[in-house]
Amino acid sequence: METNRKVTLTYNEGKDTTEFPVLKGTLGRDVVDIRTFAKTGMFTFDPGFPATASCESSITFIDGDKGYLYYRGYPIEQLAEQTDYPEVCYLLLNGELPNAEQRAEFNRGIMRHNMLHDQLMSLFKGFRRDAHPMAVMVGVVGALSAFYHDSLDITNPEHRRISAHRLIAKLPTIAAQAYRYNKGLPFSYPKNGLGYAENFLHMMFSTPCDEYKVSPVIARAMDRIFTLHADHEQNASTSTVRLAGSSGANPFACIAAGIACLWGPSHGGANEAVLKMLDEIGSVENVPAFMEGVKNKTHKLMGFGHRVYKNMDPRAKIMKQTCDEVLNELGLHNDPQFKLAMALEKIALEDPYFIERKLYPNVDFYSGIVLSAIGIPVSMFTPIFALGSYRRLD
Ligand code: CMC
């Protein structure tokens with residue numbers, strides 16, 4: 001929405017001026033509309049877009065200085081406490097939380113789509129067994145574009161709805177099969193009596209001989225991981241999907257591009273990098289030497305720092321609490337790797353290098369620890385981030 005304010009740019013040693021309208025942001029800061037900037041004969045330069053909005057959106061709001069994250073106006077703390085992931089998906093897609101009837105109807109709609117076409121199942125077998133599950137995710141999600149042709153018109157809201165439901169429903173199945181193929185386990189199928197997070201854990205860990213009993217604490221932790229990763233404004237992978245989609249390309253192929261972007265260790269790959277880092281450090285005695293290396297910029301402290309949050313990552317606070325719940329449930333508080341993680345966190349939080357640069361633990365520091373405690377292999381961490389994030393086609 002336009003305000004009556006303008007920003008005036010003076011250039012060419014004061015000879016020329018151009019005025020730009022100031023728009024009201026959906027929440028938070030106002031926005032200078034620079035769409036006519038090219039008329040000045042110059043470009044703007046803003047690598048990484050810290051000052052640039054590429055679209056108008058009312059879905060997610062982040063205040064990085066204050067550590068706020070809202071989905072559709074609801075604080076993330078409230079959603080993590082009082083809702084589950086399918087309700088959050090409904091909220092992000094529709095703008096409001098569902099009532100009981102809408103919730104049941106939405107869940108039924110998702111369940112209708114959670115199987116994979118049998119031919120798509122054969123595709124997994126073309127990968128080497130040791131392929132990284134993110135490579136399989138990029139390939140198989142991209143291949144959805146070769147299977148579901150009936151609702152691809154992204155200008156049609158009903159087509160967008162069906163494609164979004166397919167993604168919400170099929171991504172857990174794809175991620176679980178990527179894991180099972182890697183392990184040499186037979187493919188598993190969704191079970192419709194289970195909740196979304198429980199179903200994912202069932203598909204990951206049940207075998208024909210042994211049904212995995214899902215503890216409510218673990219299912220809740222899994223559900224929270226999905227919720228906390230469900231949306232994050234115009235981050236690198238969301239922007240990738242939007243850029244790929246701006247040419248009118250097949251929506252499933254665009255989502256595969258976003259998953260490729262998410263794979264990197266600066267983004268969704270960070271939770272995997274945290275566990276690799278803990279393995280490399282080995283034990284608490286090696287922490288001081290490792291920290292010296294961080295300060296000399298030999299390596300980074302993975303799971304610390306954020307492009308937007310410069311005070312506190314609100315998702316990290318929730319995940320830290322979840323981490324405690326999971327470690328208690330599994331009796332793992334004395335596990336050497338978790339003790340090492342906690343020692344690292346304490347040292348970093350007190351060290352001037354991190355304080356001066358406003359580097360705090362991010363969500364991936366704790367989500368890596370939670371996933372590892374649940375028994376999820378490190379290579380599956382980023383696919384889990386991906387399946388939480390890719391339901392949006394709007
Ligand atoms: N360890 C050590 N030093 C760091 C780190 C870190 N994790 N992150 C930033 N710095 C230093 C950096 O070297 C620079 O120092 P100096 O001022 O001396 O040059 C200063 O802090 C500012 O760094 P920056 O690169 O301008 O910071 P950024 O905001 O562009 O980077 C980041 C954000 C997330 C890419 C970075 O903090 C990082 O690589 N962190 C580790 C990876 C990670 O945990 N990523 C997950 C992000 S949360 C999940 C998601 O939303 O994708």
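The structure this text deals with has already been given above.
A. Focus on the overall build of the protein. Looking only at helices and strands, one finds 17 helices and six strands in the protein. Here the C-alpha atoms of the protein give a radius of gyration of 22 Å, agreeing with the 21 Å that 2.2 N^0.38 yields for 394 residues. Across the 394 residues in the protein, those meeting the buried criterion constitute 48%. Taking as baseline every contact in the protein between residues at least 6 positions apart, the subset at least 24 positions apart corresponds to 67%. Working note: accessible area of the protein is about 19,200 Å², and carbon and sulfur atoms make up 54% of it. One way to put it: in the protein the 41 positive side-chain charges average out to a point 3 Å from where the 44 negative ones average out.

B. Summary view of the site of the ligand. The local shell around the ligand holds 21 residues, among which His267, Lys300, Leu301, Lys310 and Asn362 are the closest. A distance of 3.2 Å separates a nitrogen atom of the ligand from a polar side-chain atom of tyrosine 353. Burial of the ligand by the protein amounts to 74% of the accessible area it has alone, namely 940 Å². Here the residues of the shell around the ligand are counted per class, giving eight nonpolar, six polar and seven charged.

C. Examining the sheet that holds strand 3 (residues 31-32) more closely. Ordered in space as 1-2-3, the three strands form an open sheet in which the pairing is antiparallel. What marks the edges here is a single partner per strand, and that holds for strand 1 (2-11) and strand 3. Two elements, strand 2 (residues 16-23) and strand 3, share two bridges in a ladder whose sense is antiparallel. By the bridge assignment for strand 3, valine 22 is matched with valine 32.

D. Up close: a nonpolar patch on the surface. Judged by side-chain polarity, Val7, Val32 and Ile34 come together as a nonpolar surface patch covering roughly 200 Å² of accessible area. As for its placement among the helices and strands, valine 32 is situated in strand 3. On the accessibility criterion, valine 32 (39% relative accessible area) is partly exposed.

E. Main features of the nonpolar core. Among the nonpolar cores identified, the biggest contains 101 residues, and Tyr71, Ile174, Phe200, Met222, Phe226, Leu301 and Ile376 are the most heavily contacted of them. Here the element with the most residues in this core is helix 6 (residues 157-183); it accounts for nine residues. Both of domain 2 (77-264) and domain 3 (270-379) provide at least three residues apiece to this core. Filtering out sequence-adjacent residues up to four positions away, methionine 222 remains in contact with Ala197, Phe200, Leu201, Leu371, Ile374 and Ile384.

F. Spatial organisation of unusual backbone geometry. In this model, asparagine 12 sits at a positive phi of 55°, which is unusual for a non-glycine residue. Residue position: asparagine 12 is located in the loop between strand 1 and strand 2. With a relative accessible area of 44%, asparagine 12 lands in the partly exposed category. One non-glycine residue with positive phi stands out, namely lysine 358, at about 55°. Within the secondary structure, lysine 358 is located in the loop between helix 15 (352-356) and helix 16 (363-374). Relative accessible area serves as the criterion here: at 43%, lysine 358 is assigned to the partly exposed category.

G. Local environment of the pairing of strand 5 (residues 68-71). Here strand 5 shows a clear split, with Leu69 and Tyr71 buried on one side and none of Tyr68 and Tyr70 buried on the other. In this sheet, strand 5 lies alongside strand 4 (residues 60-63) in antiparallel orientation, the contact comprising four bridges. Note that in strand 5 the partner of isoleucine 62 across the bridge is leucine 69. From the end of strand 4 to the start of strand 5, which pair antiparallel, there are four residues, and glycine 67 there has a positive phi angle of about 75°. In this sheet, strand 6 (residues 74-75) lies alongside strand 5 in antiparallel orientation, the contact comprising two bridges. The residue of strand 6 that forms the bridge with tyrosine 71 is tyrosine 74. Taken together, strand 5 and the strand that follows it, strand 6, pair antiparallel across an intervening segment of two residues, in which arginine 72 is found at a positive phi of about 50°.

Rules used in this analysis
- Residues numbered from 1 in each chain as written.
- Predicted model: local features only at pLDDT ≥ 70, side-chain atom pairs only at ≥ 80, totals over all residues.
- Heavy atoms only, no water.
- Helix = DSSP H or I, 4+ residues; strand = E, 2+ residues; numbered from the N terminus.
- Rg over C-alpha atoms; globule rule 2.2 N^0.38 Å.
- Buried < 20%, exposed > 50% of the residue type's maximum accessible area, 1.4 Å probe, protein only.
- Contact = heavy atoms within 4.5 Å.
- Areas by Shrake-Rupley, 256 points an atom, 1.4 Å probe, with all protein chains shown as cover.
- Lys, Arg positive; Asp, Glu negative; His and termini not counted.
- Charge placed at Lys NZ, Arg CZ, Asp CG, Glu CD.
- Near = heavy atom within 4 Å.
- Polar contact = N/O pair within 3.5 Å; in protein donor to acceptor, adjacent residues only side chain to side chain.
- Nonpolar A, V, L, I, M, F, W, Y, C, P; charged D, E, K, R; others polar.
- Pairing = 2+ DSSP bridges.
- Patch = residues over 30% accessible without salt bridge, like charges linked within 9 Å, V, L, I, M, F, W, Y side chains within 5 Å.
- Salt bridge = Lys/Arg side-chain N within 4 Å of Asp/Glu carboxyl O.
- Core = buried A, V, L, I, M, F, W, Y, C linked by side-chain atoms within 4.5 Å.
- Domains from an automatic or database assignment.

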